[in-house]
Amino acid sequence: MPGGPASRIIGHLVLGEVTTAVRPSSVLCLPMGAMEQHGPHLPLNTDCVIAEALTRRIVERWGDEQDLWQLPTVPVGLSREHAWAPGTLSLTVSGMTAYLRDLGCEIVRALPARNLLIVNGHGGNRGILEALTRELSADFGLNIATLHLGAMMSPDTRADMPEIHAGRDETSAMLVLAPELVRREAIATLKAPPGGEVTQALVLDPIASYPWSSNDPRLAASGIMGDARTASAAHGEIIVARVIEGAGAVIQRLKDNAVRASG
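Below you will find a few notes about this structure.

Thresholds applied
- Residues numbered from 1 in each chain as written.
- Predicted model: local features only at pLDDT ≥ 70, side-chain atom pairs only at ≥ 80, totals over all residues.
- Heavy atoms only, no water.
- Helix = DSSP H or I, 4+ residues; strand = E, 2+ residues; numbered from the N terminus.
- Contact = heavy atoms within 4.5 Å.
- Polar contact = N/O pair within 3.5 Å; in protein donor to acceptor, adjacent residues only side chain to side chain.
- Salt bridge = Lys/Arg side-chain N within 4 Å of Asp/Glu carboxyl O.
- Buried < 20%, exposed > 50% of the residue type's maximum accessible area, 1.4 Å probe, protein only.

1. Regarding the environment of serine 90
(1) Moving on: As for its placement among the helices and strands, serine 90 is situated in the loop between strand E2 (68-70) and helix H3 (93-110).
(2) Moving on: Each C-alpha atom of the pair serine 90 and glutamate 36 lies 8.0 Å from the other, and the pair is 54 residues apart in sequence.
(3) Moving on: With residues near it in sequence (within four places) discarded, serine 90 still touches Val76, Gly77, Leu78, Ser79 and Arg80.
(4) Moving on: A polar contact of 2.8 Å, which involves the side chain of serine 90, links it to the backbone nitrogen of serine 79.

2. Thoughts on unusual backbone geometry
It is generally the case that most residues other than glycine have a negative phi and that most peptide bonds are trans.
(1) Moving on: Look at alanine 166: it is not a glycine, yet its phi comes out positive at around 65°.
(2) Moving on: One non-glycine residue, serine 222, lies in positive phi territory at about 60°.
(3) Moving on: Relative to the assigned elements, serine 222 resides in the loop between helix H8 (197-202) and helix H9 (233-262).

3. A word on the pattern of salt bridges
(1) Moving on: Applying the stated criterion to the full structure yields 11 salt bridges.
(2) Moving on: Note that glutamate 65 is salt-bridged to arginine 61, the shortest N-O span being 4.0 Å. Pair noted here: glutamate 65 and arginine 61 are both in helix H2 (residues 46-66), with a separation of four residues, about one helical turn.
(3) Moving on: Relative accessible area serves as the criterion here: at 55%, glutamate 65 is assigned to the exposed category.
(4) Moving on: When the shortest N-O distance is used, the salt bridge between arginine 229 and aspartate 227 registers 2.9 Å.

The structure is reproduced here in structure tokens:
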């Protein structure tokens, strides 16, 4: 990072550096993931890996220009839709609310920065974040934006086979960000996914919501909602580039919001 700090990871700072390196106008980037099944070919911590790796790349791309700093990753989220699978961990709604409120309070106490970009790697976190960030803003004075990686990685929700979980897009991103964790041999054994009509009705309907589960055979095959058989590193590079460049506009809007709020 020419002209900038040697590292923009908050945890790499030592005593005395925080108040000189981090400013009120700095943007803190908080990766949020989950610990849940991702089929037989991706690890349980896929959402953490993607959120942390993309946050790191976003900070590398925009860090000096926009004064970004990376916070430690939140490793567990709301994953009850995958609770049928061994290894899945999920907070309760009340537990996650308490955790994020405590974290917001600590950020304000411990760090000078008041701009917070949440880089959310798990779609199941979206609903609570939309509600909670309003509280964090009003109660702690944080200027917040949330970057929902799933929506950036898989923008075409009207496709015949929507990419929801562990399918082509997420697997392709992992082939770029952490290829050593992808069980490529398992991809070759995957079955064709079910059609997308029920997914559109139960998962993506904008006028109704349902407590769906990824072990519903109408929605998923082997816990996968999408077609991981078509994943590739080339497709993953396109996704990663789209997310990194798209993050720039979100960061700028976040900073513009802070200026308007203080004006």
